[in-house]
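# Residue-level structure breakdown
Read off the chains here:
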Protein chains: 2
Amino acid sequence: MQILSGKEVAQHVYDTLTEEAEQFLEDFGYVPTLAVVLVGEDPASQSYVAGKKKACLSLGFGHKDYHLPADTSQEQLLDLIHQLNEDSSVHGILVQMPLPDGLDPDKVIQSISVEKDVDGFHPQSVGNLLIGNPGFVSCTPQGVMEILDYYHIATAGKHAVIVGRSNIVGKPMASLLVQKGRDATVTICHSKTKDLPSITRQADILIAAIGKPHFVTSDMVKEGTVVIDVGINRIEDASRKRGYRLVGDVDYDQVAPHCNAITPVPGGVGVMTIAMLMKNTMQAARQFANKEVK
Amino acid sequence: MQILSGKEVAQHVYDTLTEEAEQFLEDFGYVPTLAVVLVGEDPASQSYVAGKKKACLSLGFGHKDYHLPADTSQEQLLDLIHQLNEDSSVHGILVQMPLPDGLDPDKVIQSISVEKDVDGFHPQSVGNLLIGNPGFVSCTPQGVMEILDYYHIATAGKHAVIVGRSNIVGKPMASLLVQKGRDATVTICHSKTKDLPSITRQADILIAAIGKPHFVTSDMVKEGTVVIDVGINRIEDASRKRGYRLVGDVDYDQVAPHCNAITPVPGGVGVMTIAMLMKNTMQAARQFANKEVK
């Protein structure tokens, strides 16, 4: 049984991006730059935003921070995004979700220029991915593919079963796996699926993205499968100083012995998300630079 | 065994739209209007375009015809689309595919205003559909849903297996069926799928959209399933005056006796496509009118 270390893959991505950023600076005289917009004081959001800033700094990327008060109006937020769309020193724009009540996340996402949509959440990015056009791929599912590629796990002709149909993981995961070149047979399951174990037991690659701790148990997997655990759930743990620990959607201890390969939580898919955001920012900067050169 | 008559469903749609168009004219003083752009002299395309015109006329919709020569440049075509985007008397724009060599279909599709994209092929429409946002749904998969709804065939908790991953049928079909409210468990199969019959035999609803005559045989379906045949294939038939007849992707004679319900070819899904185009044009006109009123 192989443990698929997201930590190792992310490190590899960061090493590559550090070199690429140096070369980019040499070639074009500026660095790939990400603008991060945070509205309000949600502590989890603040910590995510801090993680993104840290990643930018460590790679030698540029970083611009916009922290708006919780009572920011829709119009003020859209104005800022419009400015960032026009700002040629910004290559990628990320608006940290969730937004405070009263702000419409769909309108905000759709206001971001598709060329700077490094989160891949804009409907046009989502459509491009499903169609097979070039464009930005949302970070978590892209991170899953990066792990599979790093460990040479082929998807062609495999039956990939995705548990969960969220817009940020399940659906784009299916879009990726079904494309020509990836060529997986893809099944999407969710809360309304009947006899889920009979379907998940068919999976050559099982992707759990349902947001329920220890949801996938050993009776739901076939022997020798590959399990990708996208879940990050807090469960109480009095033995930890902070009072909780992080677990995935998979009951790891029970399931892992039956797997050919499995991602742990933490240190699996979770750490890939910011790495892919950085990769997308690099891609956005490249596209901008290539357009400028023309 | 029930035959799901697309002809009957389409007639029902046309009856409703005729009434709606009358009411719309009364309410707003103009009629829903579709612009159809044809480039070149492909006979099949000419016949499709003629069918769309006929449908507009019979419903009392407005219709504008643009027939450009095969040597039209990309720029000329984009100029026309730009004009139609700006033209407030046009609510829907359809560019007949395929385009002659030398014209880039992706660029052309992306140049159509999302508000007038009645074919639902624009990446933003494709993305909106997958996300679950409002927007235009591509016509053939929408026609399948219309048939299922008309015959009260529920999809929630059912296992829908789609054979074929095209951008115009298979993928948007999956997008529709997996949405909340539709709630099907969805599997997408294609040419790289291993042991296809073992998967199609699990289908409560089997959607064949692979473009191969008589591809789905009786060993591929379970007893009592619902079969939706999206294929329209010409096969030689010396007994017919025109030398061919139309058959679906399903071996109807062999498969039908095992089904709970099945769409025939012709008279099944095929006739729904133009009906849904008209429905989308009505929707486009309504959205335009509502915007005007505001």
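Residue numbers run consecutively from 1 along every chain, following the written order of its sequence. To label them, take the chains in the order written and letter them from A, then take the ligands in the order written and number them from 1. Owing to the predicted nature of the model, reporting of local features is limited to residues with pLDDT of at least 70; listing and counting of side-chain atom pairs is limited to 80 or more, with chain, interface and lining totals taken over all residues. Excluding hydrogens and water, the side-chain values take into account all heavy atoms of the structure.

Under an unreviewed UniProt entry, chain A has the name Bifunctional protein FolD and belongs to Sphaerochaeta halotolerans. Per UniProt, the comment on chain A under Subunit (unreviewed entry) is "Homodimer." Quoted verbatim from the Pathway (unreviewed entry) field of the UniProt record, the comment on chain A reads "One-carbon metabolism; tetrahydrofolate interconversion." UniProt positions are given in the numbering used here, feature names are shortened, and annotations may be inferred rather than shown by experiment.

Numbering goes from the N terminus for both helices and strands, where a helix is a DSSP run of H or I of at least four residues and a strand is a run of E of at least two. Per the secondary structure count, chain A includes ten helices and eleven strands. When the backbone C-alpha atoms are referred to their principal axes, chain A occupies close to 55 × 40 × 35 Å. The method behind every accessible area is Shrake-Rupley, applied with a 1.4 Å probe, and residues are considered shielded solely by the protein chains displayed. If you sum the accessible surface of chain A, you get close to 12,900 Å²; carbon and sulfur atoms cover 51% of it. Just so you know, the count uses Lys and Arg for positive and Asp and Glu for negative, and it drops His and the chain ends. A charged residue contributes its charge at one atom only: NZ of Lys, CZ of Arg, CG of Asp or CD of Glu. Averaging the coordinates of the 26 positive side-chain charges in chain A and doing the same for the 35 negative ones gives two points 5 Å apart.

Many structure descriptions define interface size as the accessible area lost when the parts assemble. Residue contacts follow a heavy-atom distance rule, with two residues in contact if any of their heavy atoms lie within 4.5 Å. The partner chain A presents 35 residues to the 35 residues of chain B that form the contact. Buried area is calculated as the accessible area (1.4 Å probe) missing from two parts once they are joined, with the contributions of both summed. Between chain B and chain A, the buried area comes to about 2,900 Å², and carbon and sulfur atoms account for 54% of it. Criterion for a salt bridge: a side-chain nitrogen of Lys or Arg within 4 Å of a carboxyl oxygen of Asp or Glu. Summed over the shared surface of chain B and chain A, the result is two salt bridges. One salt bridge in this structure joins aspartate 183 of chain A and arginine 165 of chain B, with 2.8 Å as the shortest N-O distance.

Least-squares superposition aligns the copies on the C-alpha atoms of those residues with pLDDT at or above 70 in both. When chain B is brought onto chain A, the operation consists of a screw motion whose angular component is 180 degrees and whose axial shift is 0.0 Å, with 0.0 Å RMSD remaining. Viewed as a symmetry operation, the transformation between the two copies matches a two-fold axis. Same-surface contact between copies: 100% of interface residues of chain B are shared with the interface of chain A.

Definition used in this section: a nonpolar core is a set of buried Ala, Val, Leu, Ile, Met, Phe, Trp, Tyr and Cys residues joined via side-chain atoms within 4.5 Å. Using a 1.4 Å probe on the protein chains alone, a residue whose accessible area is under 20% of its type maximum counts as buried, one over 50% counts as exposed, and one in between counts as partly exposed. In this structure, Leu177, Ile228 and Met278 of chain A together with Leu177, Ile228 and Met278 of chain B are the most contacted members of the largest nonpolar core, which totals 112 residues. Not counting residues within four places of it along the chain, the set of residues in contact with leucine 177 of chain A comprises Met145, Thr155, Ala160, Ile162, Arg182, Asp183, Ala184, Val186 and Ile207 of chain A.

Evaluated as defined, the whole model comprises 18 salt bridges over all chains. With a closest N to O distance of 2.9 Å, arginine 245 of chain A and aspartate 237 of chain A form a salt bridge. Classification of arginine 245 of chain A by relative accessible area gives partly exposed; the value is 29%. Close ionic contact of arginine 286 of chain B with glutamate 20 of chain B constitutes a salt bridge, the shortest N to O distance being 3.0 Å. Of this pair, arginine 286 of chain B sits in helix 10 (residues 272-293) while glutamate 20 of chain B sits in helix 1 (residues 6-28); the two residues are 266 residues apart in sequence, bridging distant segments of the chain. We classify glutamate 20 of chain B as partly exposed; its relative accessible area is 27%.

A contiguous patch of negative charge, built from Asp15, Glu19, Glu22, Glu26 and Asp27 of chain A, is present on the exposed surface. Its location among the elements puts glutamate 19 of chain A in helix 1 (residues 6-28). Residues enter patches when their relative accessible area tops 30% and they take part in no salt bridge; the joining distance is 9 Å for like charges and 5 Å for the nonpolar side chains Val, Leu, Ile, Met, Phe, Trp and Tyr.

In this section: the packing of helix 1 of chain A against helix 6 (residues 139-150) of chain A. Residue and element names in this part refer to chain A. To get an axis, fit a line to the C-alpha atoms, keeping to the stretch in contact for a helix; angles then go from 0 to 180 degrees between the N-to-C directions. Viewed as axis vectors pointing N to C, helix 1 and helix 6 meet at an angle of 95 degrees, and their least axial separation amounts to 10 Å. Taken together, the axes of helix 1 and helix 6 lie roughly perpendicular to each other. Of helix 6, the residues touching helix 1 (which contributes Gly6, Glu8, Val9, His12 and Val13) are Glu146, Ile147 and Tyr150. Asp, Glu, Lys and Arg are counted as charged, while Ala, Val, Leu, Ile, Met, Phe, Trp, Tyr, Cys and Pro are counted as nonpolar; the rest, among them Gly, fall into the polar class. For the contact of helix 1 with helix 6, a count of residues per class yields four nonpolar, two polar and two charged. Each angle is binned into one of four classes, with values under 35 degrees roughly parallel, values over 145 roughly antiparallel, values of 65 to 115 roughly perpendicular, and all other values oblique.

Within this numbering scheme, the UniProt entry marks residues 138-287 of chain A as carrying the feature "domain: Tetrahydrofolate dehydrogenase/cyclohydrolase NAD(P)-binding" (unreviewed entry). Here residues 138-287 of chain A is 31% helix and 21% strand, with 17 Å between the C-alpha atoms at its ends.

With that settled, the discussion passes to empty space enclosed by the protein. Computed over the protein atoms alone on a 1 Å grid, cavities are sets of points where a 1.4 Å probe fits but cannot get out and pockets are open sets with protein on both sides within 12 Å along at least five of seven lines; a residue lines them when it has an atom within 4 Å of a point. Grid points are joined across faces, edges and corners, and a volume is the space filled by probe spheres set on the points. Considering all chains together, one arrives at four cavities of 30 Å³ or more under this definition. By volume, the largest cavity amounts to about 90 Å³. If you go around the largest cavity, the residues you meet are Leu130, Lys171, Ala174, Ser175, Val178 and Ile188 of chain A together with Leu130, Lys171, Ala174, Ser175, Val178 and Ile188 of chain B. Counting only elements with at least two residues in the lining of the largest cavity, the list comes to helix 7 (170-178) of chain A together with helix 7 (170-178) of chain B. A per-class count over the lining of the largest cavity returns eight nonpolar, two polar and two charged.

Note that the residue after methionine 97 of chain A, namely proline 98 of chain A, is joined by a cis bond; omega there is -5 degrees. Structurally, the position occupied by proline 98 of chain A is in the loop between strand 4 (92-95) and helix 4 (105-111). Cis geometry marks the peptide bond from valine 265 of chain B to proline 266 of chain B, where omega comes out at -5 degrees. Structurally, proline 266 of chain B is set in the loop between strand 11 (259-262) and helix 10. The phi dihedral of aspartate 183 of chain A falls on the positive side, at around 60 degrees, and the residue is not glycine. With respect to the helices and strands, aspartate 183 of chain A occurs in the loop between helix 7 and strand 6 (185-189). The phi dihedral of histidine 152 of chain B is positive, around 55 degrees, even though this residue is not glycine. Mapped onto the secondary structure, histidine 152 of chain B falls in the loop between helix 6 (139-150) and strand 5 (159-163). Judged by its relative accessible area of 73%, histidine 152 of chain B falls in the exposed class.

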